[in-house]
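# Secondary and tertiary structure notes
Listed below are the residues making up each chain.
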Amino acid sequence: MSPATSREISMYFPNGFDEFCGNTAAIDALRRRLGDVSGAANLLITGPPGTGKSGMAKVFGRTLCCQSPDLTIGRACGGCGSCRLFDCRDSELYTDLWAPRGRSLAWWPIDCGNVSCRDLRLVRRHSSWEFDQVVVWLDEAHRLSGARRGQLLKKMEEDPNAFFVATTSEPDALPLNFRRRFAEEVETEWADASAITRWLADRCRQWGVAVDDPSTFALLARRSRGNVAFCQATVAAAAGLPERVLTATLVRSREAFFDAVEANV
Ligand SMILES: [Zn+2]
């Protein structure tokens, strides 16, 4: 496998749950639902921004739709028709007929801050003769307007084949009658330094980026304060250098970058 370019590392997105850092409760809750979502309890994932909630939901959807997934790890194959379609239509609704594991499945991600009439029409139109199962991901669920929430609630109450997973950084902003529709809640948190250190070692091996000393992983993990995106950007910067080495000097030289990102969080 050829080493990943700086740009590829910047754009990197986990292929499976084994590429996440910590947050095992949320990952296990999603993984348990991968084998069969029919009758699964709706799931609410809460946690601060940047802790991986949306990434987990996307990996969940991609693995559900994949024609030959690894359900034990929770990992899509990345090469089948469903995976390719998923990757190139990431921001759109999936209304195609998926047939993983012999069942038709529709995966509908909804950006709750920007719900279109089309989103709602498609979700409400679904009936059991169209798909065996419909899985709806409500991203930033606290941003749903009252009217939209009411329409979705109706769907949640009436359709036994619809499964909802919602992600939000502001669970207390959700009205109780809506929140109660999610039988299980899990919380994500910032990864600890040791989990990030391991993640960095794994990713650098995967991407073909060398390190001047193993202690540099721990240095970057500490400096990132649990934010995996900081680490990813720093490894991408290392990959952009001719020697492709992550060094302690590089990590220290990025103090201004870390400060600027933190100031904007
Ligand atoms: Zn696949």
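The structure this text deals with has already been given above.
Residues numbered from 1 in each chain as written. Predicted model: local features only at pLDDT ≥ 70, side-chain atom pairs only at ≥ 80, totals over all residues. Heavy atoms only, no water.

In this structure, Val 209 and Leu 246 are the most contacted members of the largest nonpolar core, which totals 28 residues. Mapped by element, the contributors of at least two residues to this core are helix 8 (193-207), helix 9 (215-224), helix 10 (228-239) and helix 11 (248-253). If you tally residues by element for this core, the top one is helix 10, at seven residues. The contacts of Val 209, once residues within four sequence positions are left out, are Ile 9, Cys 204, Val 235, Ala 238, Ala 239, Arg 244 and Leu 246. (Core = buried A, V, L, I, M, F, W, Y, C linked by side-chain atoms within 4.5 Å. Buried < 20%, exposed > 50% of the residue type's maximum accessible area, 1.4 Å probe, protein only. Helix = DSSP H or I, 4+ residues; strand = E, 2+ residues; numbered from the N terminus. Contact = heavy atoms within 4.5 Å.)

Where helix 2 (residues 24-32) meets helix 3 (residues 53-65), the closest approach of the two axes is 10 Å, and the angle between their N-to-C directions is 20°. As far as their axial angle goes, helix 3 and helix 2 are roughly parallel. In this structure, the crossing between helix 2 and helix 3 has a hand that is right-handed. Packed against helix 2, whose contacting residues are Ala 26, Ile 27 and Leu 30, the element helix 3 presents Met 56, Ala 57 and Phe 60 at the interface. In terms of residue class, the contact of helix 2 with helix 3 is made up of six nonpolar, no polar and no charged. (Axes fitted to C-alpha atoms, helices over the stretch in contact; angles between N-to-C directions. Parallel < 35°, antiparallel > 145°, perpendicular 65-115°, else oblique. Left-handed = near helix turned anticlockwise from the far one by under 90°. Nonpolar A, V, L, I, M, F, W, Y, C, P; charged D, E, K, R; others polar.)

On to the packing of aromatic side chains. Applying the stated rule across the entire model yields nine aromatic pairs. With a centroid separation of 6.2 Å and 65° between ring planes, the pair formed by Phe 60 and Phe 163 is classed as edge-to-face. A residue pair is termed long-range when its members are at least 10 positions apart, and Phe 60 in helix 3 and Phe 163 in strand 4 (residues 162-168) qualify at 103 residues. Both residues of the pair, Phe 60 and Phe 163, belong to the buried class. A centroid spacing of 5.5 Å and a plane angle of 70° characterise the contact between Phe 178 and Phe 182, whose relative ring orientation is edge-to-face. (Phe/Tyr/Trp six-rings, centres within 6.5 Å; stacked < 30°, edge-to-face > 60°.)

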